[in-house]
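Here is what each chain is made of, one letter per residue.
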Amino acid sequence: MPLHPLRAVTFCILVLLMCPLRLFAQSEPDVIVQRATLQSLQTRLEALGTVIANESIRLTSNVTKTVTRINFEDGQRVNKGDVLVEMTSSEEQALLDEARFTHEEARKQLERVRSLVDRNAASRSLLDQRQREYEAAGARYLALESRLKDLRLVAPFSGVVGLRNISVGALVSPGDLITTLNDDSRMKLDFTVPSIYLRSLQVGLPIKARSRDLGDLLVEGEVFSIDNRIDSVTRAITVRAILPNEQQELKQGMLMSLELFADQRESLVISESALVPLGNQNFVFVIRPEEGKTKVERIPVTIGQRLQGVVEILAGLEANDAVVTHGLQKIRSGQFVNIIAEQ
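Parameters and conventions
- Residues numbered from 1 in each chain as written.
- Predicted model: local features only at pLDDT ≥ 70, side-chain atom pairs only at ≥ 80, totals over all residues.
- Heavy atoms only, no water.
- Helix = DSSP H or I, 4+ residues; strand = E, 2+ residues; numbered from the N terminus.
- Rg over C-alpha atoms; globule rule 2.2 N^0.38 Å.
- Buried < 20%, exposed > 50% of the residue type's maximum accessible area, 1.4 Å probe, protein only.
- Core = buried A, V, L, I, M, F, W, Y, C linked by side-chain atoms within 4.5 Å.
- Contact = heavy atoms within 4.5 Å.
- Phe/Tyr/Trp six-rings, centres within 6.5 Å; stacked < 30°, edge-to-face > 60°.
- Lys NZ or Arg CZ within 6 Å of the ring centre and 35° of its normal.
- Expected span 1.5 Å × (residues − 1).
- Pairing = 2+ DSSP bridges.
- Salt bridge = Lys/Arg side-chain N within 4 Å of Asp/Glu carboxyl O.

Participant: Sorry, what's going on with the overall build of the chain here?
Facilitator: Within the chain one finds 3 helices and 19 strands. For the chain, the C-alpha radius of gyration of 41 Å lies well beyond 20 Å, the compact-globule estimate for 343 residues. Taking the principal axes of its C-alpha atoms as reference, the chain extends roughly 150 × 55 × 35 Å. When each of the 343 residues of the chain is scored for burial, the buried share is 34%.

Participant: Please explain the nonpolar core as it appears in this structure.
Facilitator: When a protein is soluble and globular, its nonpolar side chains tend to lie buried together. Counting 24 residues, the largest nonpolar core has Leu189, Phe191, Leu243, Leu250, Met256 and Leu260 as the members making the most contacts within it. Of all the secondary structure elements, the ones that give two or more residues to this core are β2 (37–60), β9 (177–194), β10 (206–211), β11 (217–230), β12 (236–244) and β13 (255–271). Residues in contact with Leu243, not counting those within four places in the same chain, are Arg186, Met187, Leu189, Ile207, Ala209, Val219, Glu220, Gly221, Leu250 and Met256. With 22 residues, the next largest nonpolar core counts Phe72, Val78, Leu153 and Ala155 among its residues.

Participant: What is the right way to read the packing of aromatic side chains from this model?
Facilitator: Aromatic ring pairs are defined here through the distance separating the ring centres and the angle between the ring planes. Under the criterion given, the structure shown has 0 aromatic pairs. Just above the ring of Phe336 sits the side chain of Lys295; from NZ or CZ to the centre is 5.9 Å. Here the basic side chain of Arg298 rests over the ring of Phe283, its NZ or CZ set 4.4 Å away from the ring centre.

Participant: Got a minute to help me understand helix α2 (residues 90–118) in this structure?
Facilitator: Since the α-helix packs 3.6 residues into each turn, any two residues three or four apart lie on the same face. Here α2 contains 29 residues, and its C-alpha end-to-end distance of 42 Å stays within 8% of the 42 Å for a straight helix at 1.5 Å per residue. Two residues or fewer past α2, Asn120 is found with a positive phi of approximately 60°.

Participant: Would you explain unusual backbone geometry in this entry?
Facilitator: For residues besides glycine, phi is generally negative; the peptide bonds are generally trans as well. Positive phi, close to 60°, is recorded for Asp216, a residue that is not glycine. Mapped onto the fold, Asp216 is located in the loop between β10 and β11. A positive phi angle, close to 80°, is found at Asn320, a residue other than glycine. As for its position among the elements, Asn320 is in the loop between β17 (310–315) and β18 (322–326).

Participant: In this structure, what is going on with the environment of Gln39? I would like to understand it.
Facilitator: With respect to the helices and strands, the residue Gln39 is situated in strand β2. The spatial distance from the C-alpha of Gln39 to the C-alpha of Arg69 is 66 Å, given a sequence separation of 30 residues. Not counting residues within four places of it along the chain, the set of residues in contact with Gln39 comprises Arg265, Glu266, Ser267 and Val269.

Participant: Help me understand the sheet that holds strand β3 (residues 65–70), please; the structure alone is not making it clear to me.
Facilitator: Neighbouring strands of a sheet are bound in pairs by backbone hydrogen bonds; such pairs are parallel or else antiparallel. One open sheet accounts for 4 strands, arranged β6-β5-β3-β8; its pairing is antiparallel. Edge positions in the sheet fall to β6 (152–154) and β8 (171–172), since each has one partner strand and no second. In terms of strand pairing, β3 meets strand β5 (residues 83–87) through 3 bridges, oriented antiparallel. Within the sheet, the bridge partner assigned to Val67 lies in β5 and is Met87.

Participant: Would you take a moment to explain the pairing of strand β16 (residues 293–306) for this structure?
Facilitator: Strand residues, when the strand is regular, have side chains that alternate between the two faces of the sheet. Relative to β16, strand β15 (residues 281–290) runs antiparallel, the two being bridged by 9 bridges. Counterpart to Asn282 in the pairing with β16 is Val301. Here β15 hands over to β16 after 2 residues, with Glu291 in that stretch at a positive phi of 55°. Sheet topology note: the β16/β17 ladder contains 3 bridges and is antiparallel. If you follow Arg306 over to β17, its bridge partner there is Val311. Connecting β16 to the antiparallel partner β17 that follows it, the hairpin turn spans 3 residues, and Gly309 within it adopts a positive phi of roughly 85°.

Participant: Would you explain the pattern of salt bridges in this entry?
Facilitator: A side chain with one charge may pair with a side chain of the opposite charge, provided their charged atoms come close. Under the counting rule described, the total for this entry stands at 14 salt bridges. Glu342 is paired through a salt bridge with Arg35; the nearest N and O atoms lie 3.0 Å apart. Within this pair, whereas Glu342 is found in strand β19 (residues 338–342), its partner Arg35 is found in strand β1 (residues 30–35), the two being separated by 307 residues in sequence. Since its relative accessible area comes to 46%, Glu342 is described here as partly exposed. Note that Arg130 is salt-bridged to Glu133, the shortest N-O span being 3.5 Å. On the criterion of helical spacing, the pair formed by Arg130 and Glu133 is a turn pair, its members being 3 residues apart in helix α3 (residues 124–149). We classify Glu133 as partly exposed; its relative accessible area is 36%. Residues joined in a network through salt bridges with shared partners are Arg44, Glu46 and Glu259.

Participant: Got a minute to help me understand the environment of Asp227 in this structure?
Facilitator: Turning to its location among the elements, Asp227 is positioned in strand β11. Sequence-wise, Asp227 and Gly204 are 23 residues apart; in three dimensions their C-alpha atoms are separated by 14 Å. Those residues in contact with Asp227 that lie beyond four places of it in its chain are Ile237 and Thr238.

It is worth stressing that arrangement in space is one thing and function is another; only the former is reported here.
In structure tokens, the structure reads:
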């Protein structure tokens, strides 16, 4: 049987009077807090780098000559001192033999005159003349020997040669590319870092590099050197790392993504949910005991690196300070709160 309207209103008023007042207004909102703790941090930088051989040259000729012999194949590994290319040298070899004979004859004449001078049978000026002739013959011999060496291209270091661009019988001139030679025993990785991280960079920092060309192969290395100038356009500085390459998988020109870990330190961290951004500032609500109760105070903080779920605090908090992480929407600075849990 439905209630009379007046009785229904009276019934509702009685129900409301019986309900606890805290259902409508709670003087101390419930919050969850977390304490600021010290944690080991390091700045993680991401960049793209280009792989460069440890040593790399373009093999070219110093003279205009005809190739008579090629002692390597495409992609062959060679050792330091190996003769890679030989060019026509019959004329130079004949001149060198002549210079050798002349030098030897000049030495004999010098010794003969020296013995005569010792017996006072020849003048001192004649000895000086034979000495000049001997030294001139020696200089000519060394010059011809150097010219002969230019006709034999030798590997200056051990490595792997590239594609051969000439054939036997070809006429090569200075600057003509014969092949390339790379020392890939270890590789250099050049990359740029924004200059704001300059103070965090130092030789020996570890890096991790990956290449899609090699199926995301992970290669670990370290910073080898830092450039001495900052690019005036990009405001970035070039950093060079060294990567091991025992399996010779890394190739010159390869693009690699890398992570650089710098500036290892102990810093205060709190949950990112405790931050209250306002304009270009960040605030947190800190727990302050007062009169046997718990009060919150809003204070500004300076933040540093953001990590997964946490943020570094550079200024504004001390270790073990308790900050509100949940219930921020219900509180204001100077208000008493009820802590229901601590993370």
